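Reading the structure
Given next are the chains, with one letter for each unit.
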Amino acid sequence: DAVVDAASPVGAQVVHLRNWAEQQAANGASGDRDLAPGHSPRAWTQISLSGRECVGASCQYVGECFVQAARAEAAASQLVVTNHAVVAFEAEHGWAVLDPDVLVVDEAHELAARVTNCLTDELSPQMAERAARMAGSYLADDTQDELRGVVERFTEALETADPGLVRGGAILTAAADLRNVLRRVMSAVGHDAGDTRREQVANVVKEVFDIATRIAGGDEADVIWVSARPQFGSQLVVAPLRVDTAIREAILTHQPSILTSATLKLGDSFAPIEAAIGLGGPEAEEAVPYTAADVGSPFDYRRQGICYVASHLPPPGRDGTSDEALQEIADLVDAAGGHTLGLFSSMRAAERAADFVRYTTDKAVLLQGEGHLPDLIAQFLAEPALSLFGTISLWQGVDAPGETCHLVIVDRIPFPRPDEPLIQARQEDVSRRGGNGFMDVALRHAGLMLAQGTGRLIRRTTDRGVVAILDSRLLKARYGRFLLTSMPPLWMTTDRQVVLDALDRLGVVGTVGVDGPGPVREAPVVP
């Protein structure tokens, strides 16, 4: 057992995690990380192994391993409930554990993103240095020196590179040099099923070798970029340019599949999701026959909620949230008496808005980053008068029915950053194939995020409230119609006073109107 300094912050977390793991094992529990005590990524790395490092049956702890127990249970079960990542991993590895007769994928709008994540690799100087350090005792002195040299050159190439897409140059050369030396290192380390330590070292070295090989290969089906990490420096990332074929061939043709989600339609069409998962186009349709159906909703959106577009505000700019938008946020939260989920395009925007509301009103705001996010969400659900502001983690999966959430604020249309490497590469790919990169990639991303974010408001048939979108482009830009038809069909208005009155009324009598969400008279629906 390694010695742990329990007095240090990371050491204390490691001790808590170990005690928790022992209790989980003693009780026959799952060891699910989501149930673990609060911890940093660094603490988790001290008590966990990557999938590649796992030596399977050779491990002395195989009898108490949570992963092995879960795999065994899944293999013996008739019904398995798991996440998208496991489905993607299983498909990539030939359905080694799961072999479903029927696959049901809920929240299927996320499937392409989850498969992309599964097929994405990262290579950092820390990974290369760790592999070199672990392999050192198995290498001759000259091989050790050569390995240290290529790791140093790889690190230097990364440190001097600008973040963004890699289209050639010194980084790919450094990755190729690393690959070439690691090939000889793997030969020197060897593989011995009876030597657990040697096997683990071989797995670590092979992981770095495989990723370096993929990067150095320069496959046109991959996108490579430098990612800057605030605490740990730059790393290389390689991801698939497209995953439609992988999903169609590895997942959907393996068995009959049912894909469900409240946001499978974007712009009032199934076409975007069909293209994302490989069902779009004549050839794909012939290979995988399918039926798409809209089964409707149990919610009466036009009576249960208002979509307010603050068309009087200036369009969002690069300088951050305007003073007018901050005042609008404060007025809305104040009128709602809290009960607000604020969805922002950046942490800086969320922080500014939270500070402004705290300073100008008496309403308490929880802010993502000021505590463990599951704890913040739990507090938000438990105390309805609170508001919760944050970014991407809150746009999906937050279920806050009833009195908790009367108001959802969206600060701007959630377009991806134009310099986000994978988005940039995919837009370029669509344009090369004669399509419109903005419409097919960036706009669809924004439509999905808006559908998910605005869907946080109405979670039960008894819920009432307001979605406030502080971006006038939703009504004024030519692409606005696509975004509007991607969202829940709430009653729409641009009348600020109608919304403030409705929120005030909601806090008093629990309804957003006398006969529906609007004022007594029927207001026009904004096209």
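For the structure itself, look to the data block above.
Computed from a predicted model, the values in this text were never measured in an experiment.

Think of an α-helix as turning once every 3.6 residues; residues three or four places apart then point the same way. Taking 1.5 Å of rise per residue, the 18 residues of helix 19 (residues 437-454) would be expected to cover 26 Å, and the 25 Å separating its terminal C-alpha atoms lies within 8% of that figure. Residue leucine 443 marks the point of greatest curvature in helix 19, where the axis turns by about 30°. Judged by how many residues are buried, helix 19 sits mostly within the fold: 13 of 18 residues are covered. For helix 19, the N-terminal cap is asparagine 436; the gap from its side-chain oxygen to the backbone nitrogen of phenylalanine 438 is 3.1 Å.

The next point concerns the packing of aromatic side chains. Evaluated as defined, the whole model comprises five aromatic pairs. Centroid distance phenylalanine 344 to phenylalanine 389: 5.2 Å. Interplanar angle 50°. Geometry classified as tilted. Placement of phenylalanine 344 in the loop between strand 8 (340-343) and helix 15 (347-360) and of phenylalanine 389 in strand 10 (residues 387-390) is noted, with a sequence separation of 45 residues between them. An identical accessibility class is assigned to phenylalanine 344 and phenylalanine 389; each is buried. Ring geometry for phenylalanine 415 and phenylalanine 438: centres 5.5 Å apart, planes at 45°, overall tilted. One end of the pair, phenylalanine 415, is in the loop between strand 11 (407-410) and helix 18 (421-432); the other, phenylalanine 438, is in helix 19, with 23 residues separating them in the sequence. These aromatic residues form a ring-pair network of at least three members: Phe415, Phe438 and Tyr479.

The next thing to look at is helix 14 (residues 323-336). Helix length check: helix 14, at 14 residues, gives a terminal C-alpha distance of 20 Å against a target of 20 Å (1.5 Å per residue), a fit within 8%. One or two positions beyond helix 14, positive phi appears at glycine 337, with a value near 65°.

The subject of this paragraph is a negative patch on the surface. A cluster of acidic residues, Glu129, Glu152, Glu156 and Glu159, forms a negative patch at the surface. For the negative patch, the element with the highest residue contribution is helix 7 (residues 141-159), accounting for three residues. By the secondary structure assignment, glutamate 129 is in helix 6 (residues 125-135). The exposure class assigned to glutamate 129 is partly exposed, which follows from its relative accessible area of 38%.

Another point: unusual backbone geometry. One non-glycine residue, tryptophan 95, lies in the positive phi region at around 55°. With respect to the element layout, tryptophan 95 can be found in the loop between helix 4 (84-92) and strand 1 (103-105). Look at tryptophan 95 and you get buried, because its relative accessible area is 8%.

The rules we used
Residues numbered from 1 in each chain as written. Predicted model: local features only at pLDDT ≥ 70, side-chain atom pairs only at ≥ 80, totals over all residues. Heavy atoms only, no water. Helix = DSSP H or I, 4+ residues; strand = E, 2+ residues; numbered from the N terminus. Expected span 1.5 Å × (residues − 1). Bend = angle between axes of the 7 residues up to and from the residue. Buried < 20%, exposed > 50% of the residue type's maximum accessible area, 1.4 Å probe, protein only. Polar contact = N/O pair within 3.5 Å; in protein donor to acceptor, adjacent residues only side chain to side chain. Phe/Tyr/Trp six-rings, centres within 6.5 Å; stacked < 30°, edge-to-face > 60°. Patch = residues over 30% accessible without salt bridge, like charges linked within 9 Å, V, L, I, M, F, W, Y side chains within 5 Å. Areas by Shrake-Rupley, 256 points an atom, 1.4 Å probe, with all protein chains shown as cover. Salt bridge = Lys/Arg side-chain N within 4 Å of Asp/Glu carboxyl O. Lys, Arg positive; Asp, Glu negative; His and termini not counted. Charge placed at Lys NZ, Arg CZ, Asp CG, Glu CD.

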